[in-house]
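# Examining the three-dimensional arrangement
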Amino acid sequence: MQTVSTNICERMGRSQELSDSKRGPVIGGHLCNKSIRDISWLLNIPRSTVSGIITKWKQLGTTATQPPNGRPRKMTGWGQCMLKHTVRRSHQLSAESIAIDLQTWCGLQMSPTTVSRELHGICFHGRAAASKPSITKCNAKRWMPWCKARRHW
């Protein structure tokens, strides 16, 4: 038989917030001179959450959720997946051509600078291959079939 959990910590995920209907009683308890521990015990909310709600109410005068800080990101998680796919498909593409590809395929309008910045963020850096002066033409010929066979693994 399944039991119903009354502890809000067990029901809430880490990223969820308390509703306004839960925040109101916290402020009401604070205005009635209840301690944070008592409010926490009565409403079954963690003490840190109660303390945070009261602090926010004292500073801002409201318990409503504030809008996020900063400018929203141009590229979402789905866009980053498409960017990774594009780069893995062809490593030789320039940032300009990747920006054009993303615009035609996905409708994401962005500059080559943004593409470059996002690529650096996901650890793709444009680097030239290291030169290998000790490889002779004879060795290169011998190793070429092995390299081609290994590429399809």
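To be clear, the structure that these remarks concern was listed above.
In this report, we go over the structure that sits alongside the text. All values reported here derive from a predicted model rather than from experimental measurement. (Residues numbered from 1 in each chain as written. Predicted model: local features only at pLDDT ≥ 70, side-chain atom pairs only at ≥ 80, totals over all residues. Heavy atoms only, no water.)

## Remarks on the overall build of the protein chain
Assigned secondary structure in the protein chain consists of 8 helices and 0 strands. Element order for the protein chain, N to C, with α for helix and β for strand: α-α-α-α-α-α-α-α. For the protein chain, buried positions account for 20% of its 153 residues. Relative to all contacts within the protein chain whose residues are 6 or more apart in sequence, the contacts with residues 24 or more apart total 45%. (Helix = DSSP H or I, 4+ residues; strand = E, 2+ residues; numbered from the N terminus. Buried < 20%, exposed > 50% of the residue type's maximum accessible area, 1.4 Å probe, protein only. Contact = heavy atoms within 4.5 Å.)

## A look at unusual backbone geometry
The backbone phi angle of Asn-44 is positive, close to 60°, even though this residue is not glycine. Among the residues examined, Asn-44 registers a relative accessible area of 30% and is labelled partly exposed. Positive phi, normally seen in glycine, also occurs at Cys-123, with a value near 65°. Mapped onto the elements, Cys-123 comes out in the loop between helix H7 (112-121) and helix H8 (137-151).

## Quick look at H7
Taken as a whole, H7 has its buried residues at Thr-114, Val-115, Glu-118 and Leu-119. Buried residues along H7 cover an arc of 135° about the axis, so they all sit on one side. Structural note: H7 exposes Thr-113 and Arg-117 on the side pointing more than 90 degrees away from its buried face. Check the buried side of H7 and you find it contacts helix H5 (77-89) and helix H6 (95-106). Just downstream of H7, Cys-123 is the residue with a positive phi angle, here 65°. (Arc of directions from axis to C-beta.)

## Regarding the packing of aromatic side chains
Aromatic ring pairs are reported here in terms of the distance separating the ring centres and the angle at which the planes meet. According to the stated counting rule, one finds 1 aromatic pair in the structure shown. Ring geometry for Trp-143 against Trp-146: centres 5.0 Å apart, planes inclined by 90°, an arrangement best described as edge-to-face. A residue pair is termed a helical-turn pair when its members lie 3 or 4 positions apart in one helix, as Trp-143 and Trp-146 do in helix H8 at 3 residues. With relative accessibility at 49%, the residue Trp-143 sits in the partly exposed group. (Phe/Tyr/Trp six-rings, centres within 6.5 Å; stacked < 30°, edge-to-face > 60°.)

## Here we look at the packing of H5 against H6
Here H5 crosses H6 at 125°, and the two axes come no closer than 11 Å. Judged on the interaxial angle alone, H6 and H5 are oblique. Here the hand of the crossing between H5 and H6 comes out right-handed. Facing H5, whose interface residues are Trp-78, Met-82, Leu-83, Thr-86, Val-87 and Arg-89, H6 presents Ile-98, Asp-101, Leu-102, Trp-105 and Cys-106. Of the residues assigned to the contact of H5 with H6, the class counts are 8 nonpolar, 1 polar and 2 charged. (Axes fitted to C-alpha atoms, helices over the stretch in contact; angles between N-to-C directions. Parallel < 35°, antiparallel > 145°, perpendicular 65-115°, else oblique. Left-handed = near helix turned anticlockwise from the far one by under 90°. Nonpolar A, V, L, I, M, F, W, Y, C, P; charged D, E, K, R; others polar.)

## Brief notes about the nonpolar core
Among the nonpolar cores identified, the biggest contains 12 residues, and these are Met-75, Leu-83, Val-87, Ile-98, Ala-99, Leu-102, Cys-106, Leu-108, Met-110, Val-115, Leu-119 and Ile-122. For this core, the elements supplying multiple residues, two or more each, are H5, H6 and H7. A total of 4 residues in this core trace back to one element, the largest contributor, which is H6. Counting 8 residues, the second largest nonpolar core, distinct from the first, contains Ile-27, Val-50, Ile-53 and Ile-54. (Core = buried A, V, L, I, M, F, W, Y, C linked by side-chain atoms within 4.5 Å.)

Bear in mind that shape data such as this cannot, by itself, settle questions of function.
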